[in-house]
Amino acid sequence: MRPPSPTPLPPAAALVERTVAWFGENRRDLPWRAPDRTAWGVLVSEVMLQQTPVVRVAPVWTSWMQRWPTPRALADASTADVLRAWGRLGYPRRALRLQECARAVAERHAGVVPDDEDALRALPGIGAYTAAAVVAFAYGGRSVVLDTNVRRVVARVIGGHALPAPTQTAAEVRRAAALVPASAPQAAAWAAASMELGAVVCTARSPRCARCPVADLCAWRAAGYPGDVHADRRRAQGWAGTDRQVRGRVMGLLRAAAGPVPLATFTTDGDDAAQLRRCVDGLVADGLVQRVGPDDDVSLQLPA
Ligand code: SF4
């Protein structure tokens with residue numbers, strides 16, 4: 001007599017189980033996943049990865065952690081050094097917030113990164129995503145880790161949509177929460193695995209469905225890849241000529257300089273003087289740049 005066929009797993013359970021198994025075979029070796037990583041290293045990596053790709057973060061993270069391996073070490077660093085080390089990761093306010101976070105961990109938590117989501121979210125610069133990620137990746141705890149990659153995987157496999165809504169919805173969070181396994185180790189494994197699947201297989205522009213471990217479960221694929229229903233709400237942001245580009249150029253020159261740089265240095269032919277002024281004002285207001293010298297001969301420098 002033939003043994004009875006195993007009962008198929010419900011789609012959500014199969015999604016989790018197969019994604020976790022796939023991750024076990026395919027996970028990338030990233031420095032913040034090394035066995036000797038610290039909770040602080042995980043937190044730093046998550047802040048750096050918020051708006052910057054892995055390939056650009058990895059070398060900066062490695063040298064950063066060698067230089068400032070603990071919250072106390074970063075708390076004591078000069079802000080100018082922190083901004084220089086942040087380099088070209090972009091959105092440098094994150095560096096300032098990370099240093100504030102280091103100081104808060106040193107003062108409020110005796111230098112130990114908390115393992116509780118509420119305590120993490122009370123730290124400067126730590127939002128819902130980063131707190132959940134630290135709980136899962138640093139402590140192997142149970143949390144709902146919902147970054148852009150996980151959102152895309154869930155939107156496609158469960159929702160049947162090309163992409164998630166431009167801003168996260170409460171229904172999306174509930175759907176993601178319902179997928180999180182009950183056991184903490186399994187929940188942490190699902191968090192890492194679903195992020196990895198979105199990052200390397202189920203990518204935004206060219207998903208590799210032929211290599212996908214959950215292709216047969218994917219509602220978007222089954223529906224014949226319908227178009228993005230939110231396309232008109234997504235505006236592609238150019239880079240050239242934007243305030244972000246001008247801010248980046250100012251920060252780049254200041255990082256490379258040993259001391260104050262005259263304001264006139266930042267102006268080139270064809271520049272929009274009002275835009276430069278606005279961007280410098282914004283950088284000063286953000287605490288990323290200081291003005292020094294008399295009003296008619298102002299120089300800029302990184303904060304001491
Ligand atoms: S089948 Fe394709 S679209 Fe669906 S989850 Fe896999 S990679 Fe993504």
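Here goes a summary of the coordinates provided. Please read these numbers as outputs of a predicted model, since none were measured by experiment.

As for the overall build of the protein
Then comes step 1: In terms of helices and strands, the protein carries 14 helices and three strands.
Then comes step 2: Each principal axis of the C-alpha atoms in the protein carries an extent, and together these give about 95 × 45 × 30 Å.
Then comes step 3: Per-residue burial for the protein yields a buried fraction of 43% across its 304 residues.
Then comes step 4: Partitioning the contacts of the protein with sequence separation of at least 6, the portion at a separation of at least 24 is 63%.
Then comes step 5: Summing over all exposed atoms, the protein offers an accessible surface of approximately 15,900 Å²; the carbon and sulfur share of this is 54%.
Then comes step 6: Considering the protein, the positive charge centre built from 37 side chains and the negative charge centre built from 28 side chains are found 6 Å apart.

Side note on the site of the ligand
Then comes step 1: Contacts to the ligand come from Arg-156, Val-157, Val-201, Cys-202, Pro-207, Cys-209, Cys-212, Ala-215, Cys-218, Trp-220 and Arg-221.
Then comes step 2: Among the residues forming the shell around the ligand, the class breakdown is nine nonpolar, no polar and two charged.

Points about the sheet that holds strand β2 (residues 290-292)
Two modes of strand pairing occur in sheets, parallel and antiparallel, and in both the strands are linked by backbone hydrogen bonds.
Then comes step 1: Strand order in the open sheet formed by three strands is β1-β3-β2, and the pairing between neighbours is antiparallel. Taken across any chain shown, the strands that pair with only one partner, and hence form the sheet edges, are β1 (261-262) and β2.
Then comes step 2: Examined bridge by bridge, β2 and strand β3 (residues 299-301) share three bridges and lie antiparallel to one another. Considered in β3, the bridge of Gln-290 is made with Gln-301.

Calculation criteria
Residues numbered from 1 in each chain as written. Predicted model: local features only at pLDDT ≥ 70, side-chain atom pairs only at ≥ 80, totals over all residues. Heavy atoms only, no water. Helix = DSSP H or I, 4+ residues; strand = E, 2+ residues; numbered from the N terminus. Buried < 20%, exposed > 50% of the residue type's maximum accessible area, 1.4 Å probe, protein only. Contact = heavy atoms within 4.5 Å. Areas by Shrake-Rupley, 256 points an atom, 1.4 Å probe, with all protein chains shown as cover. Lys, Arg positive; Asp, Glu negative; His and termini not counted. Charge placed at Lys NZ, Arg CZ, Asp CG, Glu CD. Near = heavy atom within 4 Å. Nonpolar A, V, L, I, M, F, W, Y, C, P; charged D, E, K, R; others polar. Pairing = 2+ DSSP bridges.

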